[in-house]
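Structural overview for review
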Amino acid sequence: MIESLLLATTRVSTMLADKHLTNATGFFFEADNRLFLVTSRHVALDEATNHRPDRLQIELHIDPENVAVITQFSIPLYQQNTPLWRQAADTAGVVDVVALELQRAALPKSMFYQAFGPGHLLKKLDEVEIGTSVTIVGFPLGFHDTLHHLPVAQQAVIASAFGIRFQGNGYFLTAGRMHRGTSGAPVVVRTTSRSGRGKLVWTLLGIHASRLDVKNRDEQEDERLNLNCTWYADILRTLTDNVAAPSASRQG
């Protein structure tokens with residue numbers, strides 16, 4: 001039996017027509033009987049670098065008896081030039097997280113997966129302390145188990161005061177060596193000591209976004225700090241509330 005956390009996470013490819021642009025990570029989130037793909041906003045649109053894909057492509061497992069069997073599922077990002085993703089903003093600006101609703105009828109009937117939900121979100125912020133070890137599951141540089149199409153896990157620690165918006169932004173910091181392709185990965189801690197092979201026994205703390213660098217770093221003398229921005233997962237309550245919005249349904 002595959003560990004539940006691995007089945008909650010999927011590899012994301014950004015596409016422009018038939019051209020592959022970048023690799024990223026996403027995960028499934030269920031709320032009000034709706035299923036969403038969650039990833040970083042800059043995966044769907046990054047104005048600063050003119051990254052403008054028109055669809056995302058994810059991998060879905062479709063044979064419970066053989067995890068190596070997958071299918072590609074194509075998710076349009078626009079409908080008549082209108083973005084299909086849900087995003088939010090706070091006092092500091094746009095939050096680097098999006099949720100794309102998936103139309104269940106368009107998904108393979110044999111698809112097997114796991115999904116986070118509101119019950120996996122942290123109830124009290126003071127339950128987590130600075131220095132807490134976290135697990136980040138994703139596809140760094142696109143690397144993964146290419147036979148079974150499963151992600152890899154990396155360890156990091158919480159590096160800023162948890163529950164406090166770092167420098168006024170809606171994220172906290174982790175310390176760990178992260179790479180491109182991990183954007184959109186779930187940042188979790190284990191809820192119980194029970195096995196996670198059958199049930200998703202993890203608390204979702206946040207969504208990994210990007211590495212954080214300092215402006216005064218001397219690139220010749222100073223190494224990177226290996227600090228990363230992780231957006232608080234409670235933004236998913238806003239992004240997945242029961243509001244009418246277009247849903248993504250294309251398969252390819």
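In this report, we go over the structure that sits alongside the text. Computed from a prediction, not measured in an experiment: that's the story for all the values here.

**Quick word on the nonpolar core**
Formed by 35 residues in total, the largest nonpolar core has its most connected members in Val97, Phe116, Leu204 and Leu236. Put simply, the parts of the chain that give this core at least two residues each are α1 (4-7), β2 (19-31), β3 (34-39), β13 (171-175), β15 (202-212), β16 (227-232) and α3 (235-239). No other element matches the four residues that β15 contributes to this core. Other than its neighbours up to four places away in sequence, Leu236 contacts Phe27, Phe29, Val38, Val97, Leu204 and Ile207. The next biggest cluster of nonpolar side chains, apart from the first, holds 23 residues, and it includes Leu35, Leu60, Phe73 and Leu84.

**Remarks on the environment of Asp90**
With respect to the helices and strands, Asp90 occurs in strand β8 (residues 89-90). Linking Asp90 and Gly170, residues 80 residues apart in sequence, is a C-alpha distance of 7.6 Å. If we ignore the near neighbours within four places in the chain, the residues touching Asp90 are Val95, Arg165 and Gly170. In this structure the side chain of Asp90 is engaged in a polar contact, spanning 2.9 Å, whose partner is the backbone nitrogen of Ala92. Only 3.0 Å separates the side chain of Asp90 from the side chain of Arg165, close enough to count as a polar contact.

**Overview of the sheet that holds strand β10 (residues 98-102)**
Across the sheet, which stays open at both edges, the six strands sit in the order β5-β4-β1-β2-β3-β10 with antiparallel pairing between neighbours. Each edge of the open sheet carries a strand with a single partner, namely β5 (70-76) and β10. Each strand axis lies, on average, 35 degrees off the axis of its neighbour in the sheet, ignoring direction. Pairing of strand β1 (residues 9-16) with strand β4 (residues 55-61) involves four bridges; the strand directions are antiparallel. Residue pairing across strands places Ser13 opposite Gln57, the latter belonging to β4.

**A closer look at the side chain of Thr182**
In this structure, Thr182 sits in the loop between β13 and β14 (186-190). Side-chain polar atoms of Thr182 contact the backbone oxygen of His179, separated by 2.9 Å. For Thr182, the residues in contact, after removing those within four places along its chain, are Thr25, Ile136, Phe139, Pro140, Gln154 and His208.

**With respect to the packing of aromatic side chains**
What the rule picks out here adds up to eight aromatic pairs. When the ring of Phe162 is compared with that of Tyr232, the centres are 5.3 Å apart and the planes differ by 65 degrees; the resulting orientation is edge-to-face. In this pair, Phe162 sits in the loop between β12 (152-158) and β13 while Tyr232 sits in strand β16, placing the two residues 70 residues apart along the sequence. The exposure class of Phe162 is buried, given its relative accessible area of 11%. Three or more aromatic residues link up through ring pairs in this structure, and these residues are Phe162, Phe172 and Tyr232.

About the thresholds
- In every chain, residue numbers begin from 1 and rise along the written sequence.
- Two thresholds apply to this predicted model, a pLDDT of at least 70 for residue-level local features and 80 or more for giving and counting side-chain atom pairs, whereas whole-chain, interface and lining totals are computed over all residues.
- Excluding hydrogens and water, the side-chain values take into account all heavy atoms of the structure.
- Residues belong to a common nonpolar core when they are buried Ala, Val, Leu, Ile, Met, Phe, Trp, Tyr or Cys residues joined through side-chain atoms within 4.5 Å.
- Exposure categories follow from relative accessible area, calculated using a 1.4 Å probe and restricted to protein chains: below 20% of the type maximum is buried, above 50% is exposed, and the middle band is partly exposed.
- For the purposes of this entry, the term helix denotes a DSSP run of H or I that reaches at least four residues, the term strand denotes a run of E that reaches at least two, and both are numbered from the N terminus.
- Any two residues whose heavy atoms approach within 4.5 Å are treated as being in contact.
- What qualifies as a polar contact is a pair of N or O atoms within 3.5 Å, subject to a donor-acceptor requirement within protein and to the restriction that residues adjacent in sequence count only when both atoms come from side chains.
- Any two strands are treated as partners once DSSP identifies two or more bridges connecting them.
- Axis definition: a line fit to C-alpha positions, over the contact stretch in the case of helices; interaxial angles, taken between N-to-C directions, run 0 to 180 degrees.
- Stacked, edge-to-face and tilted labels apply to pairs of Phe, Tyr and Trp rings (six-membered ring for Trp) whose centres lie within 6.5 Å, assigned for plane angles under 30 degrees, over 60, and everything in between, in that order.

These figures come from the coordinates and say nothing about function on their own.
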